[in-house]
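This is what each chain is made of:
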2 protein chains.
Amino acid sequence: MFNDDRLARRAKTLSARMPAPHFPSEFGEETILFDSGFAAPQLLPALGALAQRALTDHREEVLQYASGRGQPYLREWLCDWMNADGCALTPDHILVTNGAKQGIDLICRLLLDEGDAIVVTAPTYFTAIPIFRNYGVEFVEVGQDAHGFDVAALAAALDARAAEGRALPKLIYNIPEFHNPTGATMSAERRVALVALAEARGIPIVEDSPYRRVRFEGADEPLLKALDRSGNVFHLGTFSKLVAPGLRIGWVAAEPALIARMIQLKSEGGSSPLIQRIIYEFARSADFPAHIERVQAAYCERRDGIVAAVERELPGARIAIPAGGYYVWLSLPPHVDGDMLAAKAGEAGIHLIAGSRFFASTGADIPRNHIRLAFSFTTLDQIANGIARLGAVYRSIAGE
Amino acid sequence: MFNDDRLARRAKTLSARMPAPHFPSEFGEETILFDSGFAAPQLLPALGALAQRALTDHREEVLQYASGRGQPYLREWLCDWMNADGCALTPDHILVTNGAKQGIDLICRLLLDEGDAIVVTAPTYFTAIPIFRNYGVEFVEVGQDAHGFDVAALAAALDARAAEGRALPKLIYNIPEFHNPTGATMSAERRVALVALAEARGIPIVEDSPYRRVRFEGADEPLLKALDRSGNVFHLGTFSKLVAPGLRIGWVAAEPALIARMIQLKSEGGSSPLIQRIIYEFARSADFPAHIERVQAAYCERRDGIVAAVERELPGARIAIPAGGYYVWLSLPPHVDGDMLAAKAGEAGIHLIAGSRFFASTGADIPRNHIRLAFSFTTLDQIANGIARLGAVYRSIAGE
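Quantities reported herein were computed from a predicted structural model and do not represent experimental measurements.

A. Molecular detail of helix α8 (residues 188-201) of chain A. Residue and element names in this part refer to chain A. Look at α8: 20 Å from first C-alpha to last across 14 residues, which is about the 20 Å you get at 1.5 Å a residue. The complete set of buried residues in α8 reads R190, R191, L194, V195 and A198. Projection of α8 onto a plane perpendicular to its axis shows the buried side chains occupying an angular sector of 130°, all on one side. Exposed residues on α8 whose side chains face more than 90 degrees from its buried face are E189 and A200. Next to the buried residues of α8 lie β6 (148-149), α7 (151-163), β7 (172-174), β8 (205-208), α9 (224-227) and β9 (233-238). Positive phi appears at G202, one or two residues downstream of α8, with a value of about 70°.

B. A look at the environment of B:E207. Residues and elements named next belong to chain B. Along the polypeptide, E207 turns up in strand β8 (residues 205-208). The buried category is assigned to E207, around which 27 C-beta atoms lie within 10 Å. Along the primary structure E207 and A253 are separated by 46 residues, whereas in three dimensions their C-alpha atoms are 9.7 Å apart. Not counting the four nearest positions on each side in its chain, E207 is found in contact with N174, P176, L223, L224, K225, V233, F234, H235 and L236.

C. Structural view of the interface of chain A and chain B. Listed per partner, the contact involves 59 residues of chain A and 58 residues of chain B. For the side of chain A that touches chain B, the leading source of residues is helix α5 (residues 99-111) of chain A, giving 6 residues. Of the residues belonging to the side of chain A that touches chain B, the class tally is 29 nonpolar, 19 polar and 11 charged.

D. Spatial organisation of the pairing of strand β12 (residues 327-331) of chain A. Residues and elements named next belong to chain A. Counting buried positions along β12 yields 4 of 5 residues, so the element is predominantly enclosed. As paired strands, strand β11 (residues 318-320) and β12 are joined by 3 bridges and run antiparallel to one another. Note on β12: the bridge partner recorded for I319 is L330. Joining the antiparallel neighbours β11 and β12 is a turn of 6 residues, in which G325 adopts a positive phi near 90°. Bridge count between β12 and strand β15 (residues 370-374): 5 bridges; the pairing is antiparallel. Residue pairing for β15: W329 is matched across the bridge by R372.

E. Summary view of the sheet that holds strand β12 (residues 327-331) of chain B. Residue and element names in this part refer to chain B. What the 4 strands build is an open sheet, ordered β11-β12-β15-β14; its pairing is antiparallel. Looking at strand neighbours, the two that pair on one side only are β11 (318-320) and β14 (353-354), the edges of this open sheet. The strands that helix α12 (residues 287-313) touches are β11, β12 and β15 (370-374); relative to β12, the one it contacts most, it runs at about 20°.

F. Summary view of the confidence of the model for chain A. All names here are of chain A. Scored by pLDDT, chain A comes out at a mean of 93, with 94% of its residues at no less than 70. Predicted confidence is poor over residues 1-18, with pLDDT under 50, and the contacts of this stretch with residues over four places away or in other chains come to 29 contacts. Under the prediction, the complex receives an ipTM of 0.93, its pTM being 0.94.

G. Structural view of the pairing of β9(A). All names here are of chain A. By the criterion of burial, β9 is predominantly enclosed, with 6 of the 6 residues buried. Here β9 shows a buried face lined by V233, H235 and G237 and a second buried face lined by F234, L236 and T238. Bridge count for β8 against β9 is 4 bridges, and the pairing is parallel. Counted as the bridge partner of E207 is H235 from β9. As judged from the 4 bridges shared by β9 and strand β10 (residues 250-253), these two strands associate in the antiparallel manner. Paired with L236 across the strands is V252, a residue of β10.

H. Structural detail: the relation of the copies chain A and chain B. The two copies are related by a screw motion: chain A maps onto chain B through a turn of 180° and a shift of 0.0 Å along the axis, at an RMSD of 0.0 Å. With respect to symmetry, the two chain copies, as superposed, fit the operation of a two-fold axis. A shared binding surface is used by both copies, with 98% of the interface residues of chain A retained as interface residues in chain B.

I. Here's a closer look at the environment of B:P204. Locating B:P204 in the fold gives a position in the loop between α8 (188-201) and β8. When the C-alpha positions of B:P204 and B:A163 are compared, they lie 21 Å apart, and in sequence the two are 41 residues distant.

J. Looking closely at the packing of α7(A) against α8(A). Residues and elements named next belong to chain A. For the pair α7 and α8, the least separation of the axes is 9 Å and the interaxial angle reads 20°. Put simply, α7 runs roughly parallel to α8. Crossing handedness for the pair α7 and α8: left-handed. Two secondary-structure elements touch here, α7 through V151, L154, A155 and L158 and α8 through R190, A193, L194, L197 and R201. Residue composition of the contact of α7 with α8, by class: 7 nonpolar, no polar and 2 charged.

K. The packing of helix α2 (residues 48-57) of chain A against helix α2 (residues 48-57) of chain B, seen in detail. At their nearest, the axes of α2(A) and α2(B) sit 8 Å apart, and the two run at 165° to each other. Between α2(A) and α2(B), the angle falls in the class roughly antiparallel. Note that α2(A) runs across α2(B); the crossing there is right-handed. Here α2(A) contributes A:G48, A:A51, A:Q52, A:L55 and A:T56 to the contact with α2(B), which in turn contributes B:G48, B:A51, B:Q52, B:L55 and B:T56.

L. Spatial organisation of the environment of B:I383. Residues and elements named next belong to chain B. Summarising the element assignment, I383 is placed in helix α14 (residues 380-398). With 24 C-beta atoms packed within 10 Å, I383 lands in the buried category. What I383 contacts, discounting residues up to four positions off in sequence, is R302, G305, I306, A309, F375 and T378.

M. Region of interest: the domain arrangement of chain A. All names here are of chain A. Per the domain assignment, the segments making up chain A are domain 1 (6-45 + 289-398) and domain 2 (64-283). Placing a centre on the C-alpha atoms of domain 1 and another on those of domain 2 gives a separation of 24 Å. At the interface, 30 residues of domain 1 touch 34 residues of domain 2. Of all the secondary-structure elements, those providing two or more residues to the side of domain 1 that touches domain 2 are α12 (287-313) and β12. Across the side of domain 1 that touches domain 2, the residue classes tally to 20 nonpolar, 7 polar and 3 charged.

N. Just unusual backbone geometry, in detail. In this model, A:A122 is joined to A:P123 through a cis peptide bond whose omega is 5°. With respect to the helices and strands, the residue A:P123 is situated in the loop between β3 (117-121) and α6 (128-133). Notably, B:F178 is not glycine yet its phi reads approximately 50°, a positive angle. Relative to the elements of secondary structure, B:F178 occurs in the loop between β7 (172-174) and α8. The class for B:F178 is buried, based on 24 C-beta atoms found within 10 Å. With a phi close to 55°, B:R248 is a non-glycine residue in the positive phi region. Positionally, B:R248 belongs in the loop between β9 (233-238) and β10 (250-253). By C-beta crowding, B:R248 is classed as buried, having 29 other C-beta atoms within 10 Å.

Parameters at a glance
Residues numbered from 1 in each chain as written. Chains lettered and ligands numbered in written order. Predicted model: local features only at pLDDT ≥ 70, side-chain atom pairs only at ≥ 80, totals over all residues. Helix = DSSP H or I, 4+ residues; strand = E, 2+ residues; numbered from the N terminus. Expected span 1.5 Å × (residues − 1). Buried ≥ 20, exposed ≤ 12 C-beta atoms within 10 Å, placed from the backbone. Arc of directions from axis to C-beta. Contact = placed C-beta atoms within 7 Å. Nonpolar A, V, L, I, M, F, W, Y, C, P; charged D, E, K, R; others polar. Pairing = 2+ DSSP bridges. Axes fitted to C-alpha atoms, helices over the stretch in contact; angles between N-to-C directions. pLDDT = per-residue confidence, 0-100. Least-squares fit on C-alpha atoms with pLDDT ≥ 70 in both. Parallel < 35°, antiparallel > 145°, perpendicular 65-115°, else oblique. Left-handed = near helix turned anticlockwise from the far one by under 90°. Domains from an automatic or database assignment.

Take a look at the structure:
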């Protein structure tokens, strides 16, 4: 039907599909979903009255075409919000996107050609992997420790590439806060070092920061964007993790000249002005600070619940305790296969994601002894019940 | 700041920005906007109660992550809607997109590489031009007459390319109904011929059909997708022109294997489930058929008003009377410069778009004696007043 092998070629460039997270509606109550980054249903805000008002008081605004860069009032609010967090932005630095994922995609379109190398952590956010793969990139993987991204390892990898005469990577992608999947947060020292290294080598940083306000304890570390003095950092934000994933509104903060180019690439006609108005009215309402506190308290309680349950039910696993975010990352004893545990647990109605899925590289040398558990969607009772059942599956595999 | 000339190169690939349509809020009442494809404010439906209900009765559905291909109930509704219009689709043929424009972009990503040729009409939809340019395409332009797309001219152009040993175009883009900007509608005979030619040469067709239900008179011609027996047609639909542009929901209908690939490329995390629920509830309500009739009657009245006013005020212009859609296309006497008319009219507070903007090619041989007038946004009074003022500007230029 088609006159060339274009489709077949594209199909090869595209990655194998990641397993989609399970939708809660697919399952009965006995099934427990630790696999998804869904919001806690109990925390979804009541936005009906705001939507009603947007569609009456602002009917023309929210139902007509809107600016491709996002509604001015929302960009101003976002600018203030980031400046209160240490940045020095104007509304021209902000592009409203359909979630942070569209931001990743637009940055790829802006910066990448097939065959380019990019830097990611190993492991990294697994939904970003197929987006990057769509661009036919080569992955340069860098490790993390308790202080986050290993900047010294990146410097060594860049030196090694330079010594081999290979092109430098075209961007560095990272989640500095409450990393998905590891939960690690970069220290201030590492952040300063990463921004300096990236600037010195001329490699843009993509700072993906969906969980920044979902912090349970401790003080904020500086945003990479706040440390950026040369316009070398693209910051990605979203309302998905703080308000509701279904809104599909995020933003990119970057140099105005780059934003202008991204608007041209964001060719879908602008994000929905209706959703932008609803978010704006919620974000500037008195309910918003209270909502954030409620979100932080609830997810903190769930984090505590899952950590205690894992320590009780899977004593052989090492758990990194995150100071925020939606996930815990478990390191199992070397002989325990996380893929097998995920498969067997799924058969027992406990869904989670094997750690191997979070590595951009493929092949035999990916560590197999990790799993990621999301604690965002499940209640405390489900966490206790689900981890107890997971413990039984674990023991049947680990032979403990 | 960046370590190569990537940005500069991209900037070259990107087209000069088209002038954005003016937003009504920018102007006072004396300014008349014939430039935009905005909806008539009077026709924007009351969706507040539906939104309120979506956010209460379906709160979890509309605020959590949703399927990347679109909500199942909306895909089923769209499938039924298109099958009632002569197609033979299943819900797996449907991908919900952020407006039809995202559909164009996804098809480009699926099919095109830099340097590929594509077929467009001359003139063509001007917002599609920069989307195509982002992919670095070569344009093959084909004319139209009162029966729409000139299929014989395309066949000749393809033969000429083959004789020169040049690669065939990778897609054929057209708006078969109420073409933007010309208003022309393809006859059934031409449609059959185009589908057969494209299939014989193995070139996919992109059928962009935003105005299909905005028909004022006469019977529907068959959709190209309904004539397609081999899966060679991508159909693009949208709710922008029938319901409201700000919703940003459209769809692609294509072979399931192609839809599956487009889902991978549509990496922004799925279109908003809130908007999809609102649209679905409106589309299946008793209000929807009445809304469509109201839309058709109101735009028909405006079409009649602008045709009469143009015949009265610009007797030197030839106007092609469209049987539907949002626009009329004026052919001015050869010595009248449409760019100058658009500029002078804009200074006089009458905004419209010069015909030269609708040609994918650039350079001296683009016809300069056309303008496009949108009649969708303006009231009957504004049409009478605005065309009278346009007539005065016209006479000052044309010397009539």
